[in-house]
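Observations on the model geometry
Spelled out, the chains give:
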Amino acid sequence: MSDIQLVDAPAGVEGAGFFATSLDKVIGIARSNSLWPLPFATSCCGIEFMATMASHYDLARFGAERISFSPRQADLLMVMGTIAKKMAPVLRQVYLQMAEPRWVMAVGACASSGGIFDTYSVLQGIDEVIPVDVYVPGCPPRPEAIIDGFINIQQLVQTESLRRRNEPKYQELLAKYGIQ
Ligand code: SF4
């Protein structure tokens, strides 16, 4: 005879149940405070990222001091700079090489919309080739704006269910970009 007893979820707790929702929260807090960013910097906005990482602004305060230059060991892709159409397949490949869960931040006008480079050779926003979670405006955005974007990513990570990556809605988003 088993000693395990099944109990109902406490009043007011619905859906996934008390254990699953609490686990979501704990893992969300842990993940959001230990993100490993991969800086994909192609031009001027990358300089602002260097300032954001340096001692004055110190992104390490948010648990993101471990910068990764390997997509295999990163969970936040930070795209900073003008992305030429010839560079787009490379950016997409880097994204595809990152394991789930992964998040993407478009830093600055160029990465978000092409910025001032409204021309045939420049991608008019990285969301033409990969999904984006947070956009940071500015040309270039100041370090404070990049930190604000990072905090938005943290909030997203904290509130995201562990199961979101398996949900049909997320799978549909990936399918829209031709990602299996
Ligand atoms: S948004 Fe402005 S500062 Fe950033 S890469 Fe484009 S032109 Fe340079």
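Below is a summary of the structure that appears in this document. (Residues numbered from 1 in each chain as written. Predicted model: local features only at pLDDT ≥ 70, side-chain atom pairs only at ≥ 80, totals over all residues. Heavy atoms only, no water.)

1. Some details on the pairing of strand β1 (residues 37-41)
With four of five residues buried, β1 lies mostly within the body of the structure. Alignment of β1 against strand β2 (residues 76-80), held across five bridges, turns out to be parallel. Note that in β2 the partner of Phe40 across the bridge is Val79. For the segment spanning β1, helix α2 (residues 45-53) and β2, crossover handedness is left-handed. (Buried < 20%, exposed > 50% of the residue type's maximum accessible area, 1.4 Å probe, protein only. Helix = DSSP H or I, 4+ residues; strand = E, 2+ residues; numbered from the N terminus. Pairing = 2+ DSSP bridges. Right-handed = clockwise from strand over helix to strand, strands pointing away.)

2. As for the packing of aromatic side chains
A complete count under the given rule lists one aromatic pair for this structure. Of note, Arg66 hangs over the ring of Trp36, and the distance from its end group to the ring centre comes to 4.2 Å. A cation over an aromatic ring shows up here: Arg102 above the ring of Tyr95, its NZ or CZ 4.1 Å from the ring centre. (Phe/Tyr/Trp six-rings, centres within 6.5 Å; stacked < 30°, edge-to-face > 60°. Lys NZ or Arg CZ within 6 Å of the ring centre and 35° of its normal.)

3. Considering the site of the ligand
Taken together, Ser43, Cys44, Cys45, Gly81, Thr82, Ala109, Cys110, Phe117, Gly138, Cys139 and Pro140 make up the full set of residues near the ligand. In terms of residue class, the shell around the ligand is built from seven nonpolar, four polar and no charged. (Near = heavy atom within 4 Å. Nonpolar A, V, L, I, M, F, W, Y, C, P; charged D, E, K, R; others polar.)

4. Quick notes on the environment of Phe40
Topologically, Phe40 is positioned in strand β1. If we skip the residues at most four places from it in the chain, Phe40 touches Leu77, Met78, Val79, Met80, Ile83, Met87, Val90, Leu91 and Val94. (Contact = heavy atoms within 4.5 Å.)

5. A word on the sheet that holds β2
Read across the sheet, four strands follow the order β1-β2-β3-β4 without closing on themselves; strand pairing throughout is parallel. Strands with a single pairing partner mark the edges of an open sheet, and in this sheet they are β1 and β4 (134-136). Averaged over all adjacent pairs, the angle separating strand axes in this sheet is 20 degrees, with direction ignored. Where helix α5 (residues 143-159) meets the sheet, its contacts fall on β2, β3 (103-107) and β4, and the angle it forms with β3 comes to roughly 160 degrees. (Axes fitted to C-alpha atoms, helices over the stretch in contact; angles between N-to-C directions.)

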